[in-house]
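# Observations on the three-dimensional arrangement
These are the residues of each chain, in order.
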Amino acid sequence: MDFKEEIVQFMTDKVGGITIVAEGSAEIVYADSYFRKKYGDAVVGMDAEEIFVWNDDCPALEIDGDAVEWEYIDTNTKKYFKFNSGLFQKEGKNLNTFSFDFVNNHKYFKSNAFQPSEDRPWVDKMVDHAKTDHRYLECDNENMIENLYKAVDARDLPCMADVESSMLYFCSKVVKYNKVTLTGECADEIFGGYPWFHKEECFKAEIFLWSMDMQPRKMLLNDDIIQKVDLESYARTAYQKTINETPKLYGEDQIEARRRQISYLNLRWFMVTLMDRMDRTSMHCGLEARVPFADHRIVEYLYNVPWELKCLNGVVKGLLRAAGEGILPDEVLYRRKSPYPKTYDPNYEKILSKELLKVMAKKGGSKQKKMNSRVDFTPMVDMIMLLVTF
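Report follows, based on the coordinates. As the structure is a computational prediction, the values presented were derived from the model and not from experiment.

## What about the pattern of salt bridges?
Tallying each qualifying case throughout the model produces 20 salt bridges. With its nearest N and O atoms 2.9 Å apart, the salt bridge here joins Arg335 to Asp119. Of this pair, Arg335 sits in the loop between α16 (330-333) and α17 (346-362) while Asp119 sits in the loop between α3 (105-108) and α4 (120-130), and the two are 216 residues apart along the sequence. Like Arg335, the residue Asp119 is buried in the burial classification.

Spelled out as structure tokens, the structure:
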């Protein structure tokens, strides 16, 4: 339930009808069924003062400790309400913010094409700029290993290893301060931030662009399974089905049509996977993570924004960066893209190797029997196909 819905539900439980008026104007931006029935759908967009007479002597209202400025209409029934959504804010409190990193990353970090710079200096700049109540959260090797098992439970499938285990750990820390949080997933999918939106070889590839090489995935599987399941065929079929259902825009040239296909592939596969990951890891800890960039109105709008605007002035996610000018420091806005962090501590892989040997020993070690050719592989298909399509 979003902010507007929460207010509407709260108010309509107490009164007969409600409208929401835009901040800084008298334009009605929301009207419930009571007002739509009385004035028609045209009530949205009308000037509130055309139909209401305000009573300035209004009591204060609090919802879960948050102050809301509102006014009621001076009528006999006193059932017509208005409030200004822009005035819903915490009183006397700063915004809580959080950053994620790994213990000793400052010691072992090496700049690379995947992650060109450390996050900490940029976090410091934002904390200084926004004056938030910020907490620097760090995960060590032991906690990351421990949460590998919990992450599988949270996903109900083998997952993205240390990315998911660390995310689960961080969610368990955030929930101690806030039960609801905002996250930044999905901006790359809808604004075209990933490399495959820009690389020529990706425009020519006829496969899922984030998993063009199937060999690393096949290495994880038993030979018997590989013989039973044709991974390449499944991936090609799933890819082509998605391409065939991609909406077309009349008049687009070949390059833009291909970019639209890439965007649709991201929405249907990559973005869904990341949202499921965020939802499961957060809710496993009792944290509700909301993803503003996944709002269907933003997604639908940006799907049809021309590429020269999305990549404004040739800058990756240029439109999003330009929208933040004057709000965030330019040096932060135009920082080169850097993904969710990873640990650079060489000791992590050593600990992980030992843990994997323990798991293998528990599963039978040298006494492991060969799988019978008549074994039903159906329960494993979902897990295998996740490997193929991500």
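## Remarks on a nonpolar patch on the surface
A cluster of nonpolar side chains, contributed by Leu356, Leu357 and Met360, occupies part of the molecular surface with about 320 Å² of accessible area. Tracing the backbone through its elements, the reader meets Met360 in helix α17. A residue is classified by how much of its surface remains accessible, and Met360, at 49% relative accessible area, is partly exposed.

## Topic: the side chain of Lys317
Locating Lys317 in the fold gives a position in the loop between α14 (307-310) and α15 (318-323). By relative accessible area, which is 14% here, Lys317 ends up buried. Apart from the residues lying within four places of it in its own chain, the contact partners of Lys317 are Ala187, Asp188, Phe191, Gly192, Gly193 and Lys310.

## Remarks on unusual backbone geometry
In this model, Asp156 sits at a positive phi of 70 degrees, which is unusual for a non-glycine residue. Looking at the secondary structure, you find Asp156 in the loop between α5 (141-155) and α6 (161-174). Of note, Cys186 is a non-glycine position whose phi angle comes to about 85 degrees, a positive value. Along the chain, the position of Cys186 falls in the loop between β9 (180-182) and α7 (187-191).

Procedures and definitions
Residues numbered from 1 in each chain as written. Predicted model: local features only at pLDDT ≥ 70, side-chain atom pairs only at ≥ 80, totals over all residues. Heavy atoms only, no water. Salt bridge = Lys/Arg side-chain N within 4 Å of Asp/Glu carboxyl O. Helix = DSSP H or I, 4+ residues; strand = E, 2+ residues; numbered from the N terminus. Buried < 20%, exposed > 50% of the residue type's maximum accessible area, 1.4 Å probe, protein only. Patch = residues over 30% accessible without salt bridge, like charges linked within 9 Å, V, L, I, M, F, W, Y side chains within 5 Å. Areas by Shrake-Rupley, 256 points an atom, 1.4 Å probe, with all protein chains shown as cover. Contact = heavy atoms within 4.5 Å.

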